[in-house]
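Chains, contacts and geometry: an overview
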Amino acid sequence: MAILRLGGPLVVNNLSVAGMGFADAVMAGRLGAKELAAVAVGSSVWFLGFTVCLGILMAISPIAARLFGAGKPELIGRYTRQGIYLALAMGIPLIFIGQYVVGPLLEVVGIDAEFRDITAGYTRAILWGAPPIFVFLALRFTTEGIGHTRPIMFTSVFSLGCNVFLNYVLMFGHFGFPAMGAVGCGYASAITMWLVMIALGSYIILNKRYKPLQIFTRVSPVRLDIFREIIALGLPIAVTITAEAGLFSAISILIGTRGSEITAAHQIALNFSTTTFMVPLALSSAATVQVGQLLGAGRHETSRLAGLVGIGLCASFMTLSAAFLLLFRDAVVGLYTDDLAVRSIAISLLLIAAIFQIADGIQIGAAAALRGYKDTRIPMAINIVVFWGVAFPLAYLAAITYALPPNYIWMAFVVALGLAAVLLTWRFHRLSRI
């Protein structure tokens, strides 16, 4: 099956990326609840900016897939080069803006002073990796769009090893380096981002498969028309995924006002559920490529079937994941911490995660299939309404207004993902049958 062939390496890639987050959480947890809470909130702040840029650059994947399916590989490199310029234009300012904005932002939001300074240090450190990881994404979505996903897998496994080693060195102070704790975790991630960009870029330069794309055979001037095309397709994608990811990050920040134990428990539950989400996320990316290539080749009926298969695969995996959480959530939490208070809260949150995972699989599969059709504006509107018009007010009321237990705050995820699954699937059904 084409989606599984394309998606297999992407599953490894996404699990490796999630593995880095898992390693960060476990290693920070060994330093204490404050450090784990700092990594939780800091990574959420970073992820907000990262997700916006990720979504814009994701436009390269369906564009490349359409051109590849239409037999026009020489045009793909043009979009990749402009994507690299766009990546740098977004990444470099983010470093310097973050150095001045992060501290005041955390104070205004009301992050607990117990770990606020550590959080700010972690966030400033990881921002140094913004330019290279955005360039990596431009290259990654190009090779994904042409259906060659194995190099993405190899570079991600390489980055996981680098990240764990650098965490060991910089967080705990080995090989002559000082022990920097959570801040060292941020620097380890930033260095890893530079290394993974170099690895994938070198592979593309040296591999003959990419020569017809003419990515690095010329130096092109900035093309504002291509910038506009990428942004016009990518900005709705960015808003769509930021609406979801931003809700998770915003709730992490809200929970950060409730003390280090609750924040640490939230990070454990969120980290594990994010890790399992990486599989349907990979399968959905493969569905986008498959649908886009089939549409580029004029095979409309087959493209609809590919989209339905993608949605079904994502939902099936998340059903298995939900069952696993129901049975083994106690053991999962034990991997992260021995703190009894933190463990008790985290176990209750993983029960909520098991409830919303199936809907999460359906909605990410449907959104990806729609991207293959270059349908991004209606999904954007759906996500804005369900995640921010409905779910965020519920989370705010639970977290701030009524100071309810964290499992009540997490019910906002159930509502949002359930609505998104229904509406996005309905949109795909209507669009693909035309």
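Here the structure is shown first, and the text comes after it.
Presented here is an overview of the structure given in this document. Owing to the predicted nature of the structure, the values given are computational and were not obtained by experimental measurement.

1. Section: the overall build of the protein
Summing up its helical and strand segments, the protein has 14 helices and zero strands in all. Ordering the α and β elements of the protein from the N terminus gives α-α-α-α-α-α-α-α-α-α-α-α-α-α. For 434 residues, the compact-globule formula gives about 22 Å, and the C-alpha radius of gyration of the protein, at 21 Å, lands near that figure. Principal axes of the C-alpha set define a box for the protein whose edges measure 60 × 50 × 35 Å. Within the span of the protein, comprising 434 residues, buried residues form 58% of the whole. A separation threshold of at least 6 residues defines the contact pool for the protein, and within that pool the share at least 24 residues apart is 85%. When the accessible surface of the protein is summed, it comes to about 16,900 Å², and 69% of that surface belongs to carbon and sulfur atoms. For the protein, the distance from the average site of its 28 positive side-chain charges to the average site of its 18 negative ones is 16 Å.

2. Digging into the packing of aromatic side chains
Following the criterion strictly, the structure yields 14 aromatic pairs and no others. On the basis of an interplanar angle of 80° and a centroid distance of 6.1 Å, the ring pair of phenylalanine 96 and tryptophan 128 is categorised as edge-to-face. Taken together, the residues phenylalanine 96 in helix H4 (residues 76-109) and tryptophan 128 in the loop between helix H5 (116-126) and helix H6 (130-145) connect sequence positions 32 residues apart.

3. With respect to helix H2 (residues 33-57)
In a regular helix each residue adds 1.5 Å, so 25 residues correspond to 36 Å; H2 covers 35 Å between its end C-alpha atoms and thus fits that length. Along H2, 18 of the 25 residues are buried, which leaves the element largely enclosed by surrounding structure.

4. Topic: the packing of helix H12 (residues 340-372) against helix H14 (residues 406-432)
Packing of H12 against H14 brings their axes to within 8 Å, and their N-to-C directions diverge by 15°. Classified by the angle their axes make, H12 and H14 are roughly parallel. Handedness of the crossing formed by H12 with H14: left-handed.

5. Considering the side chain of asparagine 383
Note that asparagine 383 resides in helix H13 (residues 377-401). Owing to a relative accessible area of 2%, asparagine 383 belongs among the buried residues under this scheme. Residues contacting asparagine 383, with those up to four places away along its chain left out, are Thr240, Ala243, Trp388, Ala420 and Leu424.

6. Let's talk about the packing of helix H9 (residues 224-255) against H13
Look at H9 against H13: their axes get within 8 Å of each other, and the N-to-C directions meet at 10°. It follows from the interaxial angle that H9 and H13 lie roughly parallel. In the contact of H9 with H13, the residues fall into 18 nonpolar, four polar and two charged.

7. Considerations on the pattern of salt bridges
Side-chain pairs of opposite charge can arise where the charged atoms are in close proximity. Tallying each qualifying case throughout the model produces three salt bridges. Arginine 223 serves as the salt-bridge partner of aspartate 225, at 2.9 Å between the closest nitrogen and oxygen. Residue aspartate 375 pairs with arginine 427 through a salt bridge whose shortest N-O separation is 2.9 Å. Here the residue aspartate 375 occupies a position in the loop between H12 and H13, and arginine 427 occupies one in helix H14, the gap between them amounting to 52 residues. Arginine 427 carries the same exposure label as aspartate 375, and that label is buried.

8. Considering the nonpolar core
Grouped together as the largest cluster of nonpolar side chains are 123 residues, with contacts concentrated most on Trp46, Phe134, Phe356 and Trp410. The element best represented in this core is H12, accounting for 15 residues. Of all hydrophobic cores here, the second largest spans 13 residues; its members include Ile152, Met278, Cys314 and Met318.

9. Brief notes about a nonpolar patch on the surface
Together, Leu88, Ile92, Phe96, Trp128, Phe158, Met180, Tyr187, Ile191 and Leu195 make up a nonpolar patch on the protein surface, roughly 750 Å² of accessible area in all. Looking at the nonpolar patch, the elements with two or more residues in it are H4 and helix H8 (181-206). Here phenylalanine 158 is to be found in helix H7 (residues 150-172). In this structure phenylalanine 158 comes out as partly exposed when scored by relative accessible area, which is 38%.

Parameters and conventions
- Residues numbered from 1 in each chain as written.
- Predicted model: local features only at pLDDT ≥ 70, side-chain atom pairs only at ≥ 80, totals over all residues.
- Heavy atoms only, no water.
- Helix = DSSP H or I, 4+ residues; strand = E, 2+ residues; numbered from the N terminus.
- Rg over C-alpha atoms; globule rule 2.2 N^0.38 Å.
- Buried < 20%, exposed > 50% of the residue type's maximum accessible area, 1.4 Å probe, protein only.
- Contact = heavy atoms within 4.5 Å.
- Areas by Shrake-Rupley, 256 points an atom, 1.4 Å probe, with all protein chains shown as cover.
- Lys, Arg positive; Asp, Glu negative; His and termini not counted.
- Charge placed at Lys NZ, Arg CZ, Asp CG, Glu CD.
- Phe/Tyr/Trp six-rings, centres within 6.5 Å; stacked < 30°, edge-to-face > 60°.
- Expected span 1.5 Å × (residues − 1).
- Axes fitted to C-alpha atoms, helices over the stretch in contact; angles between N-to-C directions.
- Parallel < 35°, antiparallel > 145°, perpendicular 65-115°, else oblique.
- Left-handed = near helix turned anticlockwise from the far one by under 90°.
- Nonpolar A, V, L, I, M, F, W, Y, C, P; charged D, E, K, R; others polar.
- Salt bridge = Lys/Arg side-chain N within 4 Å of Asp/Glu carboxyl O.
- Core = buried A, V, L, I, M, F, W, Y, C linked by side-chain atoms within 4.5 Å.
- Patch = residues over 30% accessible without salt bridge, like charges linked within 9 Å, V, L, I, M, F, W, Y side chains within 5 Å.

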